[in-house]
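# Fold and contact review
Residues per chain, in single letters:
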Amino acid sequence: MTKTPTAAAYLADLTTRIGRLYDDNAEGIAHAAAAVERTAKADGLVYVFGTGHSHTMAEEAHYRAGGLALTVPILAATTMVHEGAVAGTVFERMSGIVAPIFARYPIGPNDVLIVVSNSGVNTATVEAALIGKTIGATVVAITSEAYSKVAAQGRTRLADVADIVLDNGAPPGDATINLPGSKLRVGPVSTSIGAALMNAVFVEAAARLQSAGGAAPIYLSANMPGAKEVNEALVDRYRPRNPHL
């Protein structure tokens, strides 16, 4: 018998959820990958935005070994957790906070905007998707359909706005494991699943670009042979449009 049964249960649950991702999202992944492929061929960019812990998806995509170099994180301290998590929770529910953040990024109709929100109802993420739609960018949502339906209570959901919806399958409240003798639950899954979903889209898009005869713009790990030259060329190409390089 395992000495860490709760840890084992959590990992088993997470593994099961990740195992269902493709069957539950095959069509969405295909559409999102096609959108990224079109954007790459048009020399566009893929922007990633989230608030609270969902902002880590933007950092996951940014300057990532084995990742697409055309990704740009949308980052602002007011909607992140490192300079005031409590304040950030208030800000992400405030109308009007996203527009000045997005003004820093030249998002256009050839681009893809990935908006990540597990609950799918916070004002900032819904307004972000609406801004992307107004610009004409392809908006991809990574969210929990189950959580957002419970949380919406008549409000517009991110899933209602986005062109393409990827369902992370997380339960309402995110936590998955009951603690014995209490009503508390632990074990959030949305970050792990969100990263897997997003990278599934990127690897499919990269494979399609490479198969079409083009060179997919992929960063190499800094410790791999030839990485310095490859990465420097990609940074030179994208730095003028990516303020975080």
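A quick note: this is a predicted structure, and the numbers were derived from the prediction, not measured.

Criteria and thresholds
Residues numbered from 1 in each chain as written. Predicted model: local features only at pLDDT ≥ 70, side-chain atom pairs only at ≥ 80, totals over all residues. Heavy atoms only, no water. Pairing = 2+ DSSP bridges. Helix = DSSP H or I, 4+ residues; strand = E, 2+ residues; numbered from the N terminus. Axes fitted to C-alpha atoms, helices over the stretch in contact; angles between N-to-C directions. Contact = heavy atoms within 4.5 Å. Core = buried A, V, L, I, M, F, W, Y, C linked by side-chain atoms within 4.5 Å. Buried < 20%, exposed > 50% of the residue type's maximum accessible area, 1.4 Å probe, protein only. Salt bridge = Lys/Arg side-chain N within 4 Å of Asp/Glu carboxyl O. Patch = residues over 30% accessible without salt bridge, like charges linked within 9 Å, V, L, I, M, F, W, Y side chains within 5 Å. Areas by Shrake-Rupley, 256 points an atom, 1.4 Å probe, with all protein chains shown as cover. Phe/Tyr/Trp six-rings, centres within 6.5 Å; stacked < 30°, edge-to-face > 60°. Parallel < 35°, antiparallel > 145°, perpendicular 65-115°, else oblique. Left-handed = near helix turned anticlockwise from the far one by under 90°. Nonpolar A, V, L, I, M, F, W, Y, C, P; charged D, E, K, R; others polar. Bend = angle between axes of the 7 residues up to and from the residue.

### Concerning the sheet that holds strand 2 (residues 71-73)
Strands sit in the order 2-1-3-4-5 across an open sheet of five strands; the sheet is parallel. With partners counted over all chains shown, the strands left at the sheet margins are strand 2 and strand 5 (164-167), one partner each. Sheet twist, expressed as the average angle between the axes of neighbouring strands with direction ignored, equals 20 degrees. As defined by bridge partners, strand 3 (residues 112-117) adjoins strand 4 (residues 138-143) across six bridges and the pair is classed as parallel. Looking at strand 4, one finds that Val 116 is bridged to Ile 142. Where helix 1 (residues 5-41) meets the sheet, it contacts strand 1 (46-50), strand 3, strand 4 and strand 5, and its direction lies at approximately 140 degrees from that of strand 5.

### What about the nonpolar core?
Membership of the largest hydrophobic core comes to 65 residues, with the highest contact counts inside it found for Ile 74, Phe 102, Ile 114 and Phe 202. Broken down by element, this core gets its largest block of residues, nine residues, from helix 8 (residues 190-211). Aside from chain neighbours lying at most four places away, what touches Ile 114 is Val 46, Tyr 47, Val 48, Phe 49, Val 140, Ile 142, Met 198 and Phe 202.

### Focus on the pattern of salt bridges
Taken as a whole, this structure holds 10 salt bridges when the rule is applied. Of the charged contacts in the structure, one is a salt bridge between Glu 60 and Arg 64, with a shortest N-O distance of 3.3 Å. Looking at Arg 64, the relative accessible area reads 36%, which means it is partly exposed. Of the charged contacts, one joins Lys 133 and Asp 163 as a salt bridge, the two residues approaching to 3.7 Å between their closest N and O atoms. Of this pair, Lys 133 sits in helix 5 (residues 123-135) while Asp 163 sits in the loop between helix 7 (158-161) and strand 5, placing them 30 residues apart in sequence. The class for Lys 133 is partly exposed, based on a relative accessible area of 36%. Put simply, Asp 43, Arg 237 and Arg 241 are held in one network by salt bridges that share partners.

### Some points on a nonpolar patch on the surface
A cluster of nonpolar side chains, namely Leu 220, Met 224 and Val 230, defines an oily patch on the protein surface of about 230 Å² accessible area. Within the element layout of this structure, Val 230 appears in helix 9 (residues 227-238). Judged by relative accessible area, which is 33%, Val 230 ranks as partly exposed.

### Here we look at the packing of aromatic side chains
Inspection of the entire model under this criterion finds three aromatic pairs. Seen in terms of ring centroids, Tyr 47 and Tyr 105 are 6.3 Å apart; in terms of plane orientation they differ by 80 degrees. Their pairing is edge-to-face. Here Tyr 105 lies in the loop between helix 4 (98-102) and strand 3 and Tyr 47 lies in strand 1, a separation of 58 residues in the sequence. Of the two residues, Tyr 47 and Tyr 105, both sit in the buried class.

### What about the packing of helix 1 against helix 8?
Put simply, helix 1 and helix 8 touch, their axes get as near as 7 Å, and they point 45 degrees apart. Relative to helix 8, the element helix 1 is oriented oblique. Regarding helix 1 and helix 8, the two cross each other, and that crossing is right-handed. Across the contact of helix 1 with helix 8, the residue classes break down as 18 nonpolar, two polar and five charged.

### A few points about helix 1
Roughly 75 degrees is the biggest bend found in helix 1, and it falls at Asn 25. Just downstream of helix 1 lies Asp 43, where phi reads positive at about 60 degrees.

### Description of the environment of Gly 187
Inspection of the secondary structure puts Gly 187 in the loop between strand 7 (185-186) and helix 8. On a C-alpha basis, the gap between Gly 187 and Arg 64 in space is 26 Å, while along the polypeptide they are 123 residues apart.

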